[in-house]
Amino acid sequence: MDRLTPEKRSWNMSRIKSKDTTPERIVRSFLHRNGFRFRLHVKDLPGKPDIVLPKYKLIIDIRGCFWHAHSNCKYAKIPTTNSEWWENKLKQNQKRDEQNIKALLNESWKVLVIWDCLFKKGKSCNISRVGQGIVNNVKFFVNSQDVYQEIYFEEQLIYSNPSSMTMKEEL
Ligand SMILES: [Zn+2]
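As a starting point, this report considers the structure included with it.

1. Here's the deal with the pairing of strand 4 (residues 110-115)
- Within strand 4, five of the six residues are buried, which leaves it mostly tucked inside the rest of the structure.
- Looking at chain direction, strand 3 (residues 58-63) and strand 4 are connected through six bridges and run parallel. Looking at strand 4, one finds that Ile 59 is bridged to Val 111.
- Taken together, strand 3, helix 3 (residues 83-106) and strand 4 form a β-α-β motif whose crossover is right-handed.

Below, the structure written as structure tokens:
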């Protein structure tokens, strides 16, 4: 018997599809080109993080803005149909993300969250600059005292990094 609501089913589908999203591939390829070695979708870590760099004890999590309810992001609007269900669903996702991050930090991992709005600038999104910007950020982050950072697209900035620096000049 199929107990899944249509919403639930489409959620499952998108989870499957999101395994190998383009932003993830971009990030992987830039990291690899720059000599970083990593493991993918590590099952025994909280949240099965996308990219794990054991040498630096660093986790990189690439998040879809909609499914992970990126706050103040234009790609994270709650659908008008069934809005209550969606709101609930997305809040749960957000909560789960927070718990995973806490668990990882408790296990002394550093966590870098990359929101996929960074890759959605349309014509003006220069992938090689964004990719290189991410690599520069990773290099900086692994040598810093910071344990948690997020990268996302914000208005005038291509890139914003609340706890350390903005990449505006470098991009
Ligand atoms: Zn976003």
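So much for the structure itself; the text now carries on.
2. Things to note about the pairing of strand 3
- Burial analysis of strand 3 places six of its six residues in the buried class, which makes it a mostly covered element.
- Residues of strand 3 alternate between two faces, with Leu 58, Ile 60 and Ile 62 on one and Ile 59, Asp 61 and Arg 63 on the opposite face, all of them buried.
- As paired elements, strand 2 (residues 51-53) and strand 3 share three bridges and run antiparallel to each other. Bridging from a neighbouring strand, Leu 53 pairs with Leu 58 of strand 3.
- Two successive antiparallel strands, strand 2 and strand 3, enclose a turn made up of four residues, where Lys 57 displays a positive phi of approximately 50°.

3. Focus on the environment of Phe 153
- In this fold, Phe 153 is placed in strand 5 (residues 148-154).
- Residue Phe 153 is classed as buried on the basis of its C-beta count, with 22 C-beta atoms lying within 10 Å.
- For the pair formed by Phe 153 and Leu 118, sequence separation is 35 residues and the distance between their alpha carbons is 4.6 Å.

Rules behind the numbers
- Residues numbered from 1 in each chain as written.
- Predicted model: local features only at pLDDT ≥ 70, side-chain atom pairs only at ≥ 80, totals over all residues.
- Buried ≥ 20, exposed ≤ 12 C-beta atoms within 10 Å, placed from the backbone.
- Helix = DSSP H or I, 4+ residues; strand = E, 2+ residues; numbered from the N terminus.
- Pairing = 2+ DSSP bridges.
- Right-handed = clockwise from strand over helix to strand, strands pointing away.

Scope: geometric values only; no functional claims are made or implied.
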